[in-house]
Amino acid sequence: MVLAAGLSQGVALSQSPPPQTEVRDWVNRLQANDRKVSATAEAALVKGAGRSLPLLRGFLASDDYDLHQQTFEIIRQIGPPAIPLLVELLRHEEVSFRRFAADALIDLGSDTESIQPALRQALRDQDSMVAADAARALGALGERASPSVRSLVESLSHSEPHVRIYAAEALASIGPKASAAVQDLARALSDPIPGVRWAAGEALAGIGPAAQSAVPQLIEALKDQFLYVRICAAMALGSIGPKAQTAREALIASANDPALRDQAEWALNRIAGIESGKPVVSPHLPEPSVPLQRQTTVAQTGNPPVDWDTTTQRNIVWSVELGNEVYGSPVVDGDVVYVGADNTLRINPAFREHAGVLMAFRATDGAFLWQDPAPRVERGLREWLLPSTTSAPYVEGDRLYYVTSECQLRSLDTQGFGDGENDGPFREEVFNDKGAADIVWQLDMPALGVFPHEACNSDVLSLGDLLMVGTSNGQNEGHTRVTSSRAPSLIAVNKHSGKVVWSAIGAGDRVLHGAWSSPVAANVNGRVQVLFGGGDGWLRAYDAASGQEAWRFDGNSKDARWLPRAGVLSRSSIIASPIFADGRVIVAMGLSPGHADGPSLIHAINPNGQEDVTESGRLWTSREVGRVVGTPIVKDGLLYVGDLGGTVHCLDAATGAHLWKHETNDAIWGSLLLAGDRFYVGNAGGLMTVLRAGRRKELLAQIEMDAPLYSRPAVVGDALYLATARRLYLIATKH
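Residues numbered from 1 in each chain as written. Predicted model: local features only at pLDDT ≥ 70, side-chain atom pairs only at ≥ 80, totals over all residues. Heavy atoms only, no water.

**A closer look at helix H11 (residues 161-174)**
Heads up, the condition is: Strands here are runs of E lasting at least two residues and helices are runs of H or I lasting at least four, both read from the DSSP assignment and numbered beginning at the N terminus. What a helix is expected to span follows from its residue count: subtract one and scale by 1.5 Å. Note on classification: 1.4 Å probe, protein chains only; a residue is buried when its accessible area is under 20% of the maximum for its type, exposed when over 50%, partly exposed between these limits.
Compared with an ideal rise of 1.5 Å per residue, which puts 14 residues at 20 Å, H11 spans 20 Å between its outermost C-alpha atoms and is within 8% of the ideal. For H11, the tally of buried residues reaches 14 of 14 residues, placing the bulk of the element in the interior. Backbone geometry just after H11 places glycine 175 at a positive phi near 80°.

Written out as structure tokens, the structure reads:
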């Protein structure tokens with residue numbers, strides 16, 4: 001029997017519940033031990049779209065939790081045709097069903113305008129998570145949610161702060177058509193929760209001139225304890241424009257605060273009727289010649305093993321526990337290996353909170369040396385930033401530079417406090433024992449107006465005296481708009497002082513979700529460019545010395561829509577770092593792994609153009625890959641890519657021709673390494689696949705690890721330093 005046969009009956013099937021025997025038959029296929037059978041059944045149900053709904057209702061009528069989760073995933077993939085079923089689930093007696101429905105409707109914002117009555121009813125749900133996500137779903141509609149303004153205003157007085165936050169953010173996305181909410185939003189500027197206060201300021205900014213009556217409250221908000229409240233208040237006053245004349249004195253005073261200066265000056269210009277943006281470049285520039293740092297995406301030499309076993313310890317020299325949610329890439333310098341992790345181990349018993357840490361171990365035997373914790377910073381946010389350090393550090397001499405999980409760029413002394421000295425101007429270390437890090441200087445990027453979204457992720461690129469770092473500036477918590485649209489997405493910092501030399505706004509208010517790419521250097525005709533992938537899907541090249549934009553390339557087609565669902569071609573951001581090889585820039589498009597895999601694009605670009613080179617600079621585009629978050633690798637004219645579908649691809653780097661592919665059957669994040677003629681690829685299922693590099697596919701080994709593999713391994717000679725989500729291993733052939 002063909003799997004989709006039951007779905008081919010179309011209308012007949014959708015008009016009545018399917019027989020229980022048919023439901024059981026499909027359940028058996030979905031839960032088959034043979035992954036191919038279950039995947040085929042799932043694909044058939046997704047393809048059946050609206051015709052599958054009666055079967056899906058039948059699955060949800062069971063008491064099988066695992067079947068419910070499978071069904072929810074199928075409903076997500078079906079997308080808009082599943083909206084009638086999602087509306088039913090919004091009224092389901094099971095709270096988990098209502099939560100799923102509200103959450104799923106957020107990503108269907110382009111198709112949910114007609115179901116606003118159901119979403120308004122969900123705003124009053126007794127479960128606050130359902131109510132909060134209903135507000136987010138309305139926010140996803142933008143100005144089309146204007147019929148729901150009154151209901152959102154009522155939600156501004158909800159007992160749960162996050163319902164109030166998301167209601168205010170939804171009003172912000174509605175914009176001028178939410179003018180009836182001005183007085184309620186003005187009152188929300190006095191809410192005891194800072195997140196509500198700045199969301200109210202964000203909403204008043206979205207409303208614009210019609211929010212004039214809130215100017216007195218916004219002036220008071222300029223003195224708020226929390227930076228983001230002050231930023232949003234200045235943003236709102238600038239958006240009100242000339243009608244906010246009474247705020248000029250308060251804004252002039254606010255401009256004395258370095259963290260608020262750019263926003264306050266922008267607001268003053270708007271009030272004066274002058275349209276201006278934040279300057280891209282600071283007036284203090286380095287010399288125009290900037291030497292290149294060696295790139296980490298090129299192939300490495302060495303001959304690491306292709307055979308090891310974590311159970312028998314074959315070829316395992318040592319391993320140490322790291323934590324429980326580790327995404328950091330190990331970096332080896334001299335006799336020390338550094339890796340970002342979480343604080344699950346609580347190596348320092350005096351520091352027990354959930355937070356990111358950077359750990360240092362002796363490379364020869366794995367002995368612990370020191371760690372640098374990043375305690376939670378009270379900025380008025382819910383603790384939604386990932387409490388794990390994802391940035392790969394850069395080491396130069398006795399200095400180490402990395403981005404903490406709390407959005408701080410830090411310079412550390414590689415000796416820690418083991419040398420008995422406290423280096424640099426920074427003297428506020430919480431711990432100063434021999435197992436603690438010595439902070440030389442720290443740059444708090446939120447003080448630049450940056451609103452990091454969900455995770456702070458950027459490797460550090462060193463060019464001469466400058467450090468290039470992505471700030472992770474992104475959308476607000478409700479995913480409805482960019483809170484701080486004039487904050488920089490890329491900064492150049494003096495490595496000796498920690499002072500910002502130049503900054504670039506980049507994607508600005510067009511970030512689709514978050515901005516998590518890392519900058520890469522390219523020497524183009526003797527000039528050093530910094531290539532940076534934006535959260536809006538544009539690749540931008542900046543002159544390394546001045547910060548001036550050299551060219552930009554749109555990785556999405558002009559008619560692409562933002563549809564971040566599994567299996568769907570969506571307008572995408574750039575998460576993987578671009579690469580520069582053989583005179584070409586190659587960039588792969590992707591989305592957060594939380595959105596799963598879907599069709600995507602990879603482009604090759606000529607970097608010699610100016611301004612918009614989307615058409616003139618395009619060398620080739622391949623549609624053969626899925627969504628990519630791990631940086632691809634080029635060697636000997638071949639391009640190796642791993643995608644979130646778990647597929648390894650080999651393409652001709654000159655033409656984009658697809659040469660071969662290999663299925664690993666689980667998502668590939670950033671665990672890719674080319675050492676000699678061996679290509680190592682780890683996936684989220686904990687499988688390390690080793691392939692021979694070349695134009696013909698050759699599988700060398702498949703090794704099961706004890707935990708997911710998310711990060712790039714490091715190779716030193718014939719030794720491999722490999723981090724799983726829980727442990728760090730030194731792998732080398734034992735003689």
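Following the structure, the description resumes.
**Side note on the confidence of the model for the chain**
To keep it simple, the criterion reads: For every residue, the pLDDT score states the predictor's confidence, bounded by 0 at the bottom and 100 at the top. Note on contacts: a residue pair qualifies if any of its non-hydrogen atoms lie within 4.5 Å across the two residues.
Across the chain, pLDDT averages 92, with 94% of residues at or above 70. Throughout residues 294-298 the model reports pLDDT below 50, and contacts reaching past four residues in sequence, or to other chains, amount to nine contacts.

**Concerning the sheet that holds strand E24 (residues 638-642)**
Heads up, the condition is: The rule for pairing is simple: two strands pair if DSSP sees at least two bridges between them. To obtain an axis, a line is fitted to C-alpha atoms, over the contacting stretch when the element is a helix, and the angle between two such axes runs from 0 to 180 degrees between their N-to-C directions.
As summarised here, the arrangement of the four strands in space is E23-E24-E25-E26, forming an open sheet in which the pairing is antiparallel. One side of each edge strand has no neighbouring strand; the edge strands of this open sheet are strand E23 (633-635) and strand E26 (658-663). Mean inter-strand twist for the sheet, computed between neighbouring axes without regard to direction, equals 20°. In this structure, E23 lies alongside E24, joined through three bridges in antiparallel fashion. Residue pairing across strands places isoleucine 633 opposite tyrosine 640, the latter belonging to E24.

**Here's the deal with the side chain of arginine 571**
This is how it is decided: Contacts described as polar in this section are N or O atom pairs within 3.5 Å, which, within protein, must combine one atom able to donate a hydrogen with one able to accept it, while residues neighboring in sequence count only if both atoms come from side chains.
Relative to the helices and strands, arginine 571 is located in the loop between strand E17 (549-554) and strand E18 (579-581). Of the residues examined, arginine 571 reaches a relative accessible area of 18% and is grouped as buried. In this structure the side chain of arginine 571 is engaged in a polar contact, spanning 3.2 Å, whose partner is the backbone oxygen of serine 557.

**Observations regarding the pairing of strand E30 (residues 699-704)**
Here strand E29 (residues 687-692) runs beside E30; their pairing, made up of five bridges, is antiparallel. Bridging from a neighbouring strand, leucine 691 pairs with leucine 699 of E30. A loop of six residues connects E29 with E30, the two strands running antiparallel in sequence, and glycine 694 in this loop sits at a positive phi of about 155°.

**Side note on the pattern of salt bridges**
Where we set the bar: Here, a salt bridge means any side-chain nitrogen of Lys or Arg that lies within 4 Å of a carboxyl oxygen of Asp or Glu.
Inspection of the entire model under this criterion finds 33 salt bridges. Notably, a salt bridge pairs arginine 99 with aspartate 127, separated by 2.8 Å at the nearest N-O pair. On the criterion of sequence distance, the pair formed by arginine 99 in helix H7 (residues 95-106) and aspartate 127 in the loop between helix H8 (116-122) and helix H9 (128-139) is long-range, its members being 28 residues apart. Each of Asp398, Arg399, Asp413 and Asp423 takes part in one network of salt bridges that share partners.

**Here we look at the nonpolar core**
Our working rule: Residues grouped as a nonpolar core are buried Ala, Val, Leu, Ile, Met, Phe, Trp, Tyr and Cys residues, joined through side-chain atoms within 4.5 Å.
Judged by nonpolar contacts, the single largest core of 126 residues is most densely connected at Phe59, Leu171, Leu185 and Leu251. Counting residues per element, this core draws most heavily on helix H15 (residues 227-240), at eleven residues. The contacts of leucine 171, once residues within four sequence positions are left out, are Val149, Leu152, Leu156, Ala178, Ala181, Leu185 and Ala203.

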